[in-house]
There are 4 protein chains.
Amino acid sequence: MLAENNYGKSGIRLVKVVRREGRHDLRDLTVAVRFDGGYEDAHVKGDNAAVLPTDTMKNTVYALAKDRLEGSIESFGLALCAHFLEAAPACSKVTVQIAEHAWERLSAAGAPHPHAFLRGGSERRLAETSRSRGGAAAVEAGISDMTILKSGNSGFEGFLKDRFTTLPEVRDRIFATVVEARWSYSAADLDFGRSFDRARQTLLETFAVHESASVQHTLSAMGEAVLAAIPEIASIRLSLPNKHHLLVDLSRFGMENANEVFIATDEPYGLIEATIRRSQS
Amino acid sequence: MLAENNYGKSGIRLVKVVRREGRHDLRDLTVAVRFDGGYEDAHVKGDNAAVLPTDTMKNTVYALAKDRLEGSIESFGLALCAHFLEAAPACSKVTVQIAEHAWERLSAAGAPHPHAFLRGGSERRLAETSRSRGGAAAVEAGISDMTILKSGNSGFEGFLKDRFTTLPEVRDRIFATVVEARWSYSAADLDFGRSFDRARQTLLETFAVHESASVQHTLSAMGEAVLAAIPEIASIRLSLPNKHHLLVDLSRFGMENANEVFIATDEPYGLIEATIRRSQS
Amino acid sequence: MLAENNYGKSGIRLVKVVRREGRHDLRDLTVAVRFDGGYEDAHVKGDNAAVLPTDTMKNTVYALAKDRLEGSIESFGLALCAHFLEAAPACSKVTVQIAEHAWERLSAAGAPHPHAFLRGGSERRLAETSRSRGGAAAVEAGISDMTILKSGNSGFEGFLKDRFTTLPEVRDRIFATVVEARWSYSAADLDFGRSFDRARQTLLETFAVHESASVQHTLSAMGEAVLAAIPEIASIRLSLPNKHHLLVDLSRFGMENANEVFIATDEPYGLIEATIRRSQS
Amino acid sequence: MLAENNYGKSGIRLVKVVRREGRHDLRDLTVAVRFDGGYEDAHVKGDNAAVLPTDTMKNTVYALAKDRLEGSIESFGLALCAHFLEAAPACSKVTVQIAEHAWERLSAAGAPHPHAFLRGGSERRLAETSRSRGGAAAVEAGISDMTILKSGNSGFEGFLKDRFTTLPEVRDRIFATVVEARWSYSAADLDFGRSFDRARQTLLETFAVHESASVQHTLSAMGEAVLAAIPEIASIRLSLPNKHHLLVDLSRFGMENANEVFIATDEPYGLIEATIRRSQS
């Protein structure tokens, strides 16, 4: 018996050149569209009458990008949600996920260049907008692949030990992580760019200054700080892998290693995840 | 305010050589351990007294592999769950995810070789076992990264069209996908290897023989076939990306292309997902 | 001053369905085309008159695949080389690199299915054909991403030690590698499929049965065995990363680990490379 | 018969925290060490007496990082080359390849933070130092994974056409590439950091301002500009994939697309490579 089901198009790679007088701006997005809804006949009978092709979703994203991608990715997502609810009567809920890739303007001869750009890092700004038929829009935003590291004010002590515990207690360790953050907004008509910038800066500053007793401890501080600083954020979920940096044992060679030389590792990694919600008052 | 939270260790890469008389067998696993529970003090106060380090989780996986990794990955996962509930009193629920990578025995001089192996493809067998304190164990299994393709008995016609629709209706197309399947078992004391083999073979055979009107149509048939063939499976979720193969337009060169030559693409891709549950009778 | 230069198209993804009566066969290739030659004006003056676009190279690969991709990838590569030398007068040398991805036919109801397939592993068969204007064709073949492991008959002892050496001598270790092999043929009109199959089987069997004193030792044996078994191969280059498997120290937990439980690692890795040539006699 | 051969350790991941008063600096390197030399007995006889283990190479990189990684990666590489030629008498040539990953200092409360960092993009600074026994050191440097795009001053016209050519001539296209650059220095005692910064800036500025008739045309200009600006660079090799951005045909929907909306693609891609050498005068 068919239960939850959805379909859509993912990996829609869209670049828009915004051509202003004497200056281009660049938008570089990866978009995914998803429909939930009444598609039982498609699944069970092979009847496609209600199915808008995913190829059409893709075409629509490019077509609407021309006029509707002018401000935030959240606004563009909301425009796509509204469009698709009209275009696909059988669809009960549309979700649009957008990742934006940053580009930095190049300089030449000491001045910003009008149309040449350098790709930023792997960090992406995320937006997920969704809308149920007859319901209000929901907007989530976030950050993906933001790699940060602190080489001070981080320890891990006083933990539970059992017969398989060999980890030494440490006052001073490297704390490196790749931030995955998702937060939800309490409204759909905000200045999303401003909220994003403040959330991102709050996450970074809190990470930098926190006296960290563990990844959990700093994660909690980062989430609470975001809720304190940005009232329009209702809750935030953080997923922080602990990218372990192992102190090299140089004593084997008659040398000292005063927390200077580390092996950076990818696997295995700790994974610490939590949601921080605004308390009901 | 701290809401849902979990922590654990991911990416634990474990190889076990099972040394039998005159023949080695190989087990190659990637394990992730996750604790949910009462870790408010760790998050809010930086008090680690209840926190079993993720490094200890890793050590435990290797240590228990020696004696407890003898049969299915589901059994090993259940043993780890039971162990960790004892080791970590603050933990309310343990989840262990295991992916098993297949190796094929090499032959030499016409006979199977006792200790040389060829790595199989990217396909992995998955098991997720979990246990809440005081509750029963839950067992899910699945398949990841199983790439399949059919070059016949697949079309896509009669779909909804709007002004952005350009996709032609096709009677005969390539249907290629990378199967992600997860199913849940109704008990925790089954012959998991036998159930897995039957589920995998049912998925493959149904994909091969189905007269496909769409990805949704074949997904549904694959899920229903698994429920019909394996009574101990309660529900199955399938996630099938549509890896599009575009027919090359050779008419531009005065040539015919009778569904012979295709461009294989990675992006964008359709994504079709559904859960099929056993009907209540 | 412009020195060596080349241009071309890479990542041409081509799938061909060979439609025989009652049975399809599948060819799945990734092709790269490269021109070397007299393109000074393009570089220095921006004059494109001699430049065949890389988009045309791509179109040509798809167009010629219809009639010329019938046998080995080496034959298809040679046909492309001959075509491009005609099409591009300024080009002095054409090189075509092809990787073929394997698919296995699915079975249904106990019989091979006519048009459903399962993707093999990451292993690829390689061919590189090249032809200089007025010269003879050269053909190289190879294997990429073939992961193999032996859990017996492998040690590493008696090595050079210095103050930074901590590696213990071991009689019995896991030897795992991802074979990258390239070999050159002494002629361009061979049964390339047969030669490939024999080279691959010789590499695998030699790896399996060799009493390995080091990666170098086994690499050399594998290369020499290929030259001994396949007279039409003139030389072979092998690149064998040593994918280290670290024995877990279970003695810390009062347990024994008789070469049973290992940590599989990706980084760092040893890398052993050599070319074996047929001796001049 | 054994011909060219080499062995070494790759993927050595090293992070060094340079602890100054009130401020940490971060060095994040991936190092590979390679020995060429007289290792015939290891290959042919399995005699390891001359073989310094790759594990020792790794230990040495970490140990020497403590005192010798203080300036440029080129200096560190040269120190490693000198050390290894002493440590391994059978080795005739040592090559050390280093990639440095950039980190940016975080700010908090408006001031640079003493020990918190944000990882830069995928761009890496490269150095390859090598030294033959009894010979002089050679130093190459470079850049990897630097993604740049220009949305003006780029066309592709007047090219060679044949029956398979369908590409339209364009005056105005997006030119996007991922720069791979390698250059050689004429001496081993330079201010490598200064030379690198100037080479990188010259590449970026030239890309930005060049009136591009093709990728070849701009590649040549970038290489010549580097040779003109940095006298200590003897030659430079550039490898520039053409990451195609396809103009979306919105006319199908009755809309105009004045070079605004593009599909970003990964495959297939053009690949343009050339070496520019300083002319002999």
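Residues numbered from 1 in each chain as written. Chains lettered and ligands numbered in written order. Predicted model: local features only at pLDDT ≥ 70, side-chain atom pairs only at ≥ 80, totals over all residues. Heavy atoms only, no water.

### Section: the relation of the copies chain B and chain C
Here chain B sits on chain C after a turn of 180 degrees about the axis and a move of 0.0 Å along it, with an RMSD of 0.0 Å. Classification of the inter-copy transformation places it as that of a two-fold axis. Measuring from the rotation axis to each C-alpha of chain B, the shortest distance belongs to G121 of chain B, at 1.6 Å. (Least-squares fit on C-alpha atoms with pLDDT ≥ 70 in both.)

### Things to note about the environment of A136 of chain C
All names here are of chain C. Along the polypeptide, A136 turns up in the loop between β4 (111–132) and β5 (137–150). Overall, A136 belongs to the exposed group, its relative accessible area being 69%. Taking the C-alpha atoms as reference points, A136 and A187, separated by 51 residues in sequence, lie 9.4 Å from one another. The residues contacting A136, other than those within four sequence positions of it, are S130 and R131. (Helix = DSSP H or I, 4+ residues; strand = E, 2+ residues; numbered from the N terminus. Buried < 20%, exposed > 50% of the residue type's maximum accessible area, 1.4 Å probe, protein only. Contact = heavy atoms within 4.5 Å.)

### Section: the pairing of strand β2 (residues 23–37) of chain D
Residue and element names in this part refer to chain D. Most of β2 is tucked away: 12 of the 15 residues are buried. Hairpin connection between strand β1 (residues 2–20) and β2: a loop of two residues separates the two successive antiparallel strands, and G22 in this loop has a positive phi of roughly 75 degrees. Across nine bridges, the pairing between β2 and strand β3 (residues 91–108) is antiparallel. Bridging across to β3, A32 finds its partner in Q97. (Pairing = 2+ DSSP bridges.)

### Considerations on helix α5 (residues 215–229) of chain D
A rise of 1.5 Å per residue sets the reference length of α5 of chain D, with its 15 residues, at 21 Å; its end C-alpha atoms lie 21 Å apart and thus fit the reference within 8%. Those residues of α5 of chain D lying buried are V215, Q216, H217, T218, L219, S220, A221, M222, G223, V226 and L227 of chain D. Where the residues of α5 of chain D are buried, they touch β1 (2–20) and α1 (40–44) of chain C together with β6 (175–185), α4 (192–209), β7 (233–242) and β10 (269–277) of chain D. The opening residue of α5 of chain D is S214 of chain D, an N-cap whose side-chain oxygen sits 3.3 Å from the backbone nitrogen of Q216 of chain D. (Expected span 1.5 Å × (residues − 1). Polar contact = N/O pair within 3.5 Å; in protein donor to acceptor, adjacent residues only side chain to side chain.)

### Comments concerning the domain arrangement of chain A
All names here are of chain A. Taken as a whole, chain A is organised into domain 1 (6–132) and domain 2 (145–277). Placing the centre of domain 1 and that of domain 2 at their C-alpha centroids yields a distance of 31 Å. For domain 1, the biggest contributors to the area lost against domain 2 are E123, R125 and L126; these three give 56% of the whole. Between domain 1 and domain 2 we count two salt bridges in total. For R124, the salt bridge goes to D145, with nearest N and O atoms at 2.5 Å. Put simply, domain 1 and domain 2 have two residue pairs in polar contact (both at pLDDT 80 or more) between them. Here the side of domain 1 that touches domain 2 gets five residues from one element, more than from any other, and that element is strand β4 (residues 111–132). Classifying every residue of the side of domain 1 that touches domain 2 by side-chain character gives two nonpolar, two polar and four charged. (Domains from an automatic or database assignment. Buried area = accessible area lost by both parts, 1.4 Å probe. Salt bridge = Lys/Arg side-chain N within 4 Å of Asp/Glu carboxyl O. Nonpolar A, V, L, I, M, F, W, Y, C, P; charged D, E, K, R; others polar.)

### Some points on the relation of the copies chain A and chain B
Expressed as a screw transformation, the operator carrying chain A onto chain B has a rotation angle of 180 degrees and an axial translation of 0.0 Å, and the superposed copies differ by an RMSD of 0.0 Å. Looking at chain A, 100% of its interface residues are interface residues in chain B too, so the copies touch through the same face.

### Re the interface of chain A and chain B
Contact with chain A, which involves 67 residues of that partner, is made by 67 residues of chain B. Both sides together, the interface formed by chain A and chain B hides about 5,400 Å², and carbon and sulfur atoms give 52% of it. Among the residues chain A hides against chain B, the three largest losses belong to M1, L160 and F164 of chain A. Together they make up 13% of the total. Counting every contact that joins chain A to chain B gives two salt bridges. A salt bridge links R277 of chain B to E4 of chain A; the shortest N-O distance between them is 2.6 Å.

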